[in-house]
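Residue-level structure breakdown
If you want the building blocks of each chain, they are given just below.
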Amino acid sequence: MAVAIGLEQAVREASSPPLTTVFARALSQSFVAFQPIVSYADRRVFGFEALVRSNAGLLSSAADLVAAAESLGSLLPLGRTVRGAVARAVPDAPAGALLFVNVHPHELFDPDLASPDAPLSRVANRVVLELTERAAVGRGPELCERIAMLRRLGFRVAVDDLGAGFSSLDLLADLRPDFVKVDMSLVRRLDGDETRRRIVGHLLALLRDLGTPAVAEGVETAGERDALLALGTPLLQGFLFGLPGPNLVAPSSW
Ligand code: G
Ligand code: MN
């Protein structure tokens, strides 16, 4: 068995370019897609989440790009590329709309992120940095200090993917985020599942009690939308309102 895997790997490595080359190509052909976040009650675009993609055949999704960057130690160049693209797009955003940008835990300590002269820092008051625990990154005072410093630059902060994987409730206490993004795994089939509805209902009540606005992610159906509205979540994101796209535009139908 071990021999078969070893051979398989050898064949793959012999017949394809090294990951560094594939990643460099993917990064050079990367772009940022924007997905609307809507304030449904007043049919207003509240903001957009910036999602990295690549036109290169390999490593075209955000997940693949991030995984390759993690294994190559290239998270900082990837993050800088994304942040630069978002900064260039901000002037095209509708007035008042916020740009939500995913930040890998390792990127938090990139000097470029915290530099007042970095392109994104200049528009920090339009930007919400989305954080997940994801990797085992120090959660001590240095993380809180870093977040405090980024806030002094004008950035706001969101805890991403709450309710899934690595985003635990103690992040809410540690970071006291400006927004929380409720993971799509909790949103899915919310309308047809009483238990799920109770869990999300209590989670939203907790966030209201903390004074933290929630964004529900991954809304795909009118049923999920209506269940979320009934539970009191006005900020919604998902394929129902718009796919990630190249332009910062309001959804065409809602
Ligand atoms: O982890 P994070 O929340 O940043 O991931 C966002 C991802 O979810 C993006 O890749 C985006 O394309 C995807 N996404 C956005 N809206 C929906 C949706 O309504 N349904 C599903 N299945 N995926 C979505
Ligand atoms: Mn996100």
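Everything that follows concerns the structure shown earlier in this document.
One structure accompanies this document, and this report is about it. (Residues numbered from 1 in each chain as written. Chains lettered and ligands numbered in written order. Predicted model: local features only at pLDDT ≥ 70, side-chain atom pairs only at ≥ 80, totals over all residues. Heavy atoms only, no water.)

**Section: the coordination of the manganese ion (ligand 2)**
Reference geometry at the metal: tetrahedral coordination by four donors gives ideal angles of 109.5 degrees; octahedral coordination by six donors gives 90 or 180 degrees. With distances of 2.1 to 2.4 Å, the protein atoms coordinating the manganese ion (ligand 2) are E49 (OE), N102 (OD1), E130 (OE) and D160 (OD). Coordination of the manganese ion (ligand 2) draws on donor residues from a single chain, spaced E-x52-N-x27-E-x29-D in sequence. Here E49, found in strand β2 (residues 44–54), pairs with N102, found in strand β3 (residues 98–103); they are 53 residues apart in sequence, far enough to count as distant. On the basis of relative accessible area, N102 is assigned to the partly exposed category, the value being 23%. (Donors = N, O, S within 2.8 Å, 3.2 Å for Na, K, Ca; no water. Helix = DSSP H or I, 4+ residues; strand = E, 2+ residues; numbered from the N terminus. Buried < 20%, exposed > 50% of the residue type's maximum accessible area, 1.4 Å probe, protein only.)

**A word on the side chain of S39**
Inspection of the secondary structure puts S39 in strand β1 (residues 30–39). For S39, a relative accessible area of 8% puts it in the buried group. Sequence-distant contacts of S39, that is, excluding residues within four places in its chain, are made with R44, F46, P234 and L235. (Contact = heavy atoms within 4.5 Å.)

**Describing the sheet that holds strand β4 (residues 127–131)**
Adjacent strands of a sheet pair through backbone hydrogen bonds, lying either parallel or antiparallel. Spatial strand order, β1-β2-β3-β4-β5-β6-β7-β8: 8 strands in a closed barrel with mixed pairing. Going from strand to strand, the sheet's axes swing by 30° on average, the running direction of each strand aside. Looking at chain direction, β4 and strand β5 (residues 156–162) are connected through 4 bridges and run parallel. Across the sheet, residue L129 finds its bridge partner in β5, namely V157. (Pairing = 2+ DSSP bridges. Axes fitted to C-alpha atoms, helices over the stretch in contact; angles between N-to-C directions.)

**Examining the site of ligand 1**
As a structural note, the neighbourhood of ligand 1 is formed by 16 residues, with Q35, E49, E217, E220 and F239 the closest of them. Between Q35 and ligand 1, the recorded distance is 3.0 Å, taken from a side-chain N or O atom to a nitrogen atom. Here an oxygen atom of ligand 1 and a side-chain polar atom of E49 are 2.9 Å apart. Burial of ligand 1 by the protein chains amounts to 75% of its free accessible area of 530 Å². Class assignment of the residues belonging to the shell around ligand 1 gives a composition of 5 nonpolar, 4 polar and 7 charged. (Near = heavy atom within 4 Å. Polar contact = N/O pair within 3.5 Å; in protein donor to acceptor, adjacent residues only side chain to side chain. Areas by Shrake-Rupley, 256 points an atom, 1.4 Å probe, with all protein chains shown as cover. Nonpolar A, V, L, I, M, F, W, Y, C, P; charged D, E, K, R; others polar.)

**Concerning a nonpolar patch on the surface**
Together, L169, L206 and L210 make up a nonpolar patch on the protein surface, roughly 270 Å² of accessible area in all. Note on placement: L206 falls in helix α9 (residues 194–210). (Patch = residues over 30% accessible without salt bridge, like charges linked within 9 Å, V, L, I, M, F, W, Y side chains within 5 Å. Salt bridge = Lys/Arg side-chain N within 4 Å of Asp/Glu carboxyl O.)

**Points about unusual backbone geometry**
Positive phi, close to 60°, is recorded for D161, a residue that is not glycine. With respect to the helices and strands, the residue D161 is situated in strand β5. By relative accessible area, D161 is classed as partly exposed at 23%. For R189, which is not glycine, the phi dihedral falls at a positive 60°. Counting through the fold element by element, R189 comes out in the loop between α8 (184–187) and α9.

**Here we look at the pairing of β2**
With respect to burial, β2 is a largely interior element, 9 of its 11 residues being buried. As judged from the 4 bridges shared by β2 and β3, these two strands associate in the parallel manner. Counted as the bridge partner of F48 is L99 from β3.

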